Amino acid sequence: MAIDMLQTISGLGISVDVNMVCRRVVEGEIQRIAQLRQVVVESGDPTAVHDLRVSIRKLRTAIRLFWPILNQELRSLDLQLREVFHRLGELRNLDVAILACCDFSDDVREDLVERLVQMRTLTKPKLVTLLTGPCVVDVLIRIENPVAIVPQQNVWNNDTHPIRLAHRKTVKSLRRVSHLWDLVEVHRLRRRIKRLRYAVEFFAPEMGKSAKAYAKRLEAMQNLLGKTMDQVSLSSFFERLDHLSRGETRECRNQASKMAKKATHNRKELLKFKREISGREWKVLKSATRAA
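Residues numbered from 1 in each chain as written. Predicted model: local features only at pLDDT ≥ 70, side-chain atom pairs only at ≥ 80, totals over all residues. Heavy atoms only, no water.

In an α-helix, one turn spans 3.6 residues; hence positions three or four apart end up facing the same way. For helix α2 (residues 46–65), built from 20 residues, the straight-helix expectation of 28 Å at 1.5 Å per residue is met to within 8% by its first-to-last C-alpha distance of 29 Å. When you tally the buried positions in α2, you get 14 out of 20 residues, the bulk of the element. (Helix = DSSP H or I, 4+ residues; strand = E, 2+ residues; numbered from the N terminus. Expected span 1.5 Å × (residues − 1). Buried < 20%, exposed > 50% of the residue type's maximum accessible area, 1.4 Å probe, protein only.)

Encoded structure:
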C-alpha cells in the first residue's frame, strides 16, 4: 500500500488510510443502493425513495471527494446516477406535497391529497422502468475495485484533504448568503453543507468524537436548509397547480404565501449557525486533517 496514501492525524496518534476510507464508503453505499432499489421497485415506499436518494447523493459526493484515487469506471457513472437521483426527486416532491396538505383546511384537503396521489401513481411507473431495466445500479454492483490500482502520488495534503476542500466551499457560500438572500445561492449552500457533512462522516470512524460532534452541527444546518428549500419548492408547486376549484385555488395560494414567508424567516435562524462552521469544533477537526 502506497505510504503517501497513509495520513497521520497530527497530535492524535491515529493513522488514516484514505484508500481504505474511500473503499469502505463506496462499497457500503453501492450495497445500500442495490438493496434500496429493490424496495423502491417492489413497494414505492416514500421512506425508501428518500433513503435511496440520500444514498445516491452520498455516493456522488464520494466520487467528487475521492476523485483522484477512483478508477475510471466509477468516475464515468456520475451522470447516470444523477438521472436516477432526479427521477427519485420527482416522486419525493409529490410525497412532500402530500404531507404538506395536512396544514390545509378540511374542505379542500381530501380532494387535493387524492389528486396528488393520482399524480404519484402516474409518476412511479417511470421510475420503476428506469430501475428495473439495465441501469447504472447493475454497473455499480459489478465494480470489484473502486480505488485505482495505482493512485496518483501525493494527492492529499493540508489544502487538498477532502474535508478541508468541502469546508472552504461551504464557507464561501455561507458568506454570500449572509450578505444576500439569493435562493440559488441558498440551494448551493445546502448542497455544500451536505457535502461537508458527508465528508466528515466518511472519516468519522477513524477521527472519532471531534468528527461526530461537528457532523451533528452540520446536520442541524442541513435540516434547516432542507425545510427552507422544501418551503420554497412547495410554495411554487401549489402556486402553479392548475385545474382546481375556486376554493382549492384560494387555499393553495394562501398556503403558498405562508410557505414563502416561512422560508424567508429561516434566514435569521440560519445565520446563527455561521460561527459554528468555523468554530471550536471545526478547529479541532481541522487539526486532525493536517497531513503528516
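Within the secondary structure, R37 sits in helix α1 (residues 18–43). Assessed through its relative accessible area of 13%, R37 is described here as buried. A distance of 3.1 Å separates a polar side-chain atom of R37 from the backbone oxygen of L131. Here D138 takes part through its side chain, which lies 3.2 Å from a polar atom of the side chain of R37. Setting aside anything within four residues of it in sequence, one finds R37 in contact with L52, L131, C135, V137, D138 and I141. (Polar contact = N/O pair within 3.5 Å; in protein donor to acceptor, adjacent residues only side chain to side chain. Contact = heavy atoms within 4.5 Å.)

Here we take up the nonpolar core. Grouped together as the largest cluster of nonpolar side chains are 69 residues, with contacts concentrated most on F66, L140, I163, V200 and F202. Examining the composition of this core, we find that eleven residues originate from one element, helix α8 (residues 183–207), more than from any other. If sequence neighbours within four positions are ignored, L140 has contacts with I30, I33, L59, L74, L77 and L81. Counting 17 residues, the second largest nonpolar core, distinct from the first, contains V96, F104, L116 and L244. (Core = buried A, V, L, I, M, F, W, Y, C linked by side-chain atoms within 4.5 Å.)

One non-glycine residue, H243, lies in positive phi territory at about 55°. With respect to the helices, strands and loops of the structure, H243 is situated in the loop between α9 (209–240) and α10 (246–271). A relative accessible area of 73% places H243 in the exposed class.

Here we come to the packing of aromatic side chains. The geometry of an aromatic ring pair is captured by the separation of the ring centres together with the interplanar angle, meaning the angle of the planes. This model, assessed by the stated rule, comprises five aromatic pairs. A centroid spacing of 4.9 Å and a plane angle of 50° characterise the contact between F104 and F238, whose relative ring orientation is tilted. One end of the pair, F104, is in the loop between α4 (78–100) and α5 (106–132); the other, F238, is in helix α9, and 134 residues separate them in sequence. On the basis of relative accessible area, F238 is assigned to the buried category, the value being 1%. Grouped by ring-pair contacts, the aromatic residues F66, F202 and F203 constitute a single cluster. Residue placement shows R53 over the ring face of F85; its charged tip is 4.1 Å from the ring centre. (Phe/Tyr/Trp six-rings, centres within 6.5 Å; stacked < 30°, edge-to-face > 60°. Lys NZ or Arg CZ within 6 Å of the ring centre and 35° of its normal.)

Turning to its location among the elements, R197 is positioned in helix α8. Judged by relative accessible area, R197 falls into the buried class, the value being 13%. Engagement of the side chain of R197 in a polar contact is seen with the side chain of Q222, the distance being 3.0 Å.

As a further point, take the environment of P205. By secondary structure assignment, the location of P205 is in helix α8. With a relative accessible area of 58%, P205 lands in the exposed category. Each C-alpha atom of the pair P205 and V21 lies 9.0 Å from the other, and the pair is 184 residues apart in sequence.

An ideal rise of 1.5 Å per residue puts 38 Å on 26 residues; α10 measures up with 39 Å between its terminal C-alpha atoms. If you check which residues of α10 are buried, you get E248, E251, C252, Q255, A256, M259, A263, N266 and L270. Those residues of α10 that are buried lie in contact with α4, α5, α7 (162–179), α8, α9 and α11 (274–277).

Our next topic: the packing of α7 against α8. Closest axis-to-axis distance for the α7/α8 pair is 9 Å, and the angle between their directions is 155°. On the basis of their axis angle, the class for α7 and α8 is roughly antiparallel. Relative to α8, α7 is oriented so that their crossing is left-handed. Between α7 and α8, the residues in contact are P162, I163, A166, H167, K169, T170, K172, S173, L174, R176 and V177 and E185, V186, R188, L189, R192, I193, R195, L196, A199, V200, F203 and M207, respectively. Residues that form the contact of α7 with α8 fall into these classes: 13 nonpolar, three polar and seven charged. (Axes fitted to C-alpha atoms, helices over the stretch in contact; angles between N-to-C directions. Parallel < 35°, antiparallel > 145°, perpendicular 65-115°, else oblique. Left-handed = near helix turned anticlockwise from the far one by under 90°. Nonpolar A, V, L, I, M, F, W, Y, C, P; charged D, E, K, R; others polar.)

What follows is about the confidence of the model for the chain. Overall, the predicted model of the chain reaches an average pLDDT of 86, with 90% of residues at or above 70. Within the chain, the element-level pLDDT minimum falls on strand β1 (residues 6–9), averaging 45, and the maximum on α2, averaging 95. (pLDDT = per-residue confidence, 0-100.)

Next up on the list: the side chain of H167. Tracing the sequence through the fold places H167 in helix α7. Residues within four places of H167 in sequence aside, it is in contact with L196, Y214, I277, S278 and W282.

This brings us to the environment of S105. By secondary structure assignment, the location of S105 is in the loop between α4 and α5. Once the C-alpha coordinates of S105 and V136 are considered, the two residues, 31 residues apart in sequence, prove to be 43 Å apart. Engagement of the side chain of S105 in a polar contact is seen with the side chain of D107, the distance being 2.6 Å.

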